[in-house]
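Residues per chain are reported as follows:
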Amino acid sequence: MRAVLTVLLAGCVSFAGPARSDPSPVVVELFTSQGCSSCPPADALMAELAKRDDVIALALHVDYWDYIGWKDVFADPAFTRRQKAYAHAAGKRSIYTPQMVVEGEDHVVGYRPMDLAHLIEAHAVTESPVSLSLARQGDTVTVSAVSTEAFGEDAVLQIVRYRPEQMVDIERGENAGKSLRYTNIVDAWTPVARWNGADPLSMSIEAAGDEPVVAILQRPGPGEILAAARLR
């Protein structure tokens, strides 16, 4: 069942006090498919990344492998569009699986754990003008953000819901006969607001269910991820 996410009605977006100043976790997006025989090592790597507090690992299952003979049960055309948008922003003409995008900027094609580790390390020490935090009360999540500078173009605040883990028996396609474990499977990736960074931001969002909630503030494009926060 997909997560329920509702932006609360007018009056819930306001300017507020400062958010926390803790370092923002590094966001790693994996574009993957159950129909791709090259993807299981990258899927397993995501399971390791998911254990880290300094990384937000998110698996986005694409749908362009479905014609091979197995329809990915987690695939969403919106995730394919997001991967294509990254390729367009980077001036690339092709998309691949598996592919990881680190902090909205750096692309890792294939299973290259050392390259990924170096990128995570580099982004972990990169300073951002934005501090972002999340707080939950019942089914309501409040996103708070402050920035030391205004942005030339509004950044996009996005809310992500994911299921932490699920086993799938693959019956057809390139991975036929395998039982594969998938981790941090994105169910919903929803833009909820645009923000120029000039004033502090506070936004309340209804996020029912037990699935983790992630807030990501990203430059348009999609481009650089300025900050991210998570509630597990």
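Residues numbered from 1 in each chain as written. Predicted model: local features only at pLDDT ≥ 70, side-chain atom pairs only at ≥ 80, totals over all residues. Heavy atoms only, no water.

Side note on the confidence of the model for the protein
Fine structural detail should not be taken from predicted coordinates in areas where pLDDT scores are low. Confidence along the protein averages 90 in pLDDT terms, with 90% of residues attaining 70 or more. Note on residues 1–21: pLDDT is under 50 here. Beyond four places in sequence and across chains, it has 54 contacts. (pLDDT = per-residue confidence, 0-100. Contact = heavy atoms within 4.5 Å.)

Comments concerning the pairing of strand 10 (residues 179–195)
Of all 17 residues making up strand 10, 12 are buried, and the element is well covered by its neighbours. Across 14 bridges, the pairing between strand 9 (residues 155–169) and strand 10 is antiparallel. When the sheet's bridge partners are listed, Glu 165 is paired in strand 10 with Thr 183. (Buried < 20%, exposed > 50% of the residue type's maximum accessible area, 1.4 Å probe, protein only. Helix = DSSP H or I, 4+ residues; strand = E, 2+ residues; numbered from the N terminus. Pairing = 2+ DSSP bridges.)

Some details on helix 1 (residues 40–49)
Taken residue by residue, helix 1 has Pro 40, Ala 42, Asp 43, Leu 45, Met 46 and Leu 49 as its buried positions. Considering only its buried residues, helix 1 is in contact with strand 3 (26–32), strand 4 (55–61), strand 5 (99–102), helix 3 (113–124) and strand 10.

Observations concerning the pattern of salt bridges
Within this structure, the stated rule accounts for 10 salt bridges. Between Lys 71 and Asp 66 there is a salt bridge, with its nearest N and O atoms 3.6 Å apart. A relative accessible area of 17% means that Asp 66 is categorised as buried. (Salt bridge = Lys/Arg side-chain N within 4 Å of Asp/Glu carboxyl O.)

Quick look at the packing of aromatic side chains
Scanning the model with the defined rule gives three aromatic pairs in all. With a centroid separation of 6.0 Å and 75° between ring planes, the pair formed by Phe 74 and Tyr 182 is classed as edge-to-face. Placement of Phe 74 in the loop between strand 4 and helix 2 (77–89) and of Tyr 182 in strand 10 is noted, with a sequence separation of 108 residues between them. Considered together, Phe 74 and Tyr 182 belong to a single accessibility category, that of buried residues. Ring centres of Phe 151 and Trp 195 lie 5.5 Å apart, and the angle between their planes is 85°; this geometry places the pair in the edge-to-face category. Of the two residues, Phe 151 is situated in the loop between strand 8 (140–147) and strand 9 and Trp 195 in strand 10; the sequence distance between them amounts to 44 residues. Using a relative accessible area of 9% as the deciding quantity, one classes Phe 151 as buried. (Phe/Tyr/Trp six-rings, centres within 6.5 Å; stacked < 30°, edge-to-face > 60°.)

Thoughts on the nonpolar core
With 24 residues, the main nonpolar core has Val 143, Leu 157 and Leu 217 as its most contacted residues. Look past the residues within four positions of Val 143 in its chain and what remains in contact with it is Leu 132, Ser 133, Leu 134, Leu 157, Ile 159, Leu 201, Ser 202, Met 203, Ile 205 and Ala 215. In terms of nonpolar packing, the next biggest core, distinct from the first, is built from 17 residues, Phe 31, Ile 56, Val 62 and Ile 216 among them. (Core = buried A, V, L, I, M, F, W, Y, C linked by side-chain atoms within 4.5 Å.)

Concerning unusual backbone geometry
Negative phi is the rule for most residues except glycine; trans is the rule for most peptide bonds. Of note, the amide linkage connecting Thr 97 to Pro 98 takes the cis form, showing an omega dihedral of -5°. One can find Pro 98 in the loop between helix 2 and strand 5. Residue Pro 222 is bonded to the preceding Gly 221 through a cis peptide linkage, with omega at -5°. In this structure, Asn 184 is a non-glycine residue whose phi angle is positive, near 50°. Looking at where Asn 184 falls in the secondary structure, it is placed in strand 10. Judged by its relative accessible area of 4%, Asn 184 is buried.

Side note on the pairing of strand 5
Side chains Gln 99 and Val 101 project from strand 5 onto one buried face, and the interleaved Met 100 and Val 102 project onto a second face that is buried too. With four bridges connecting them, strand 5 and strand 6 (residues 106–109) associate as antiparallel partners. When the bridges of strand 6 are listed, Val 102 appears paired with Asp 106. Adjacent in sequence and paired antiparallel, strand 5 and strand 6 are bridged by three residues, among which Glu 103 carries a positive phi angle near 55°.

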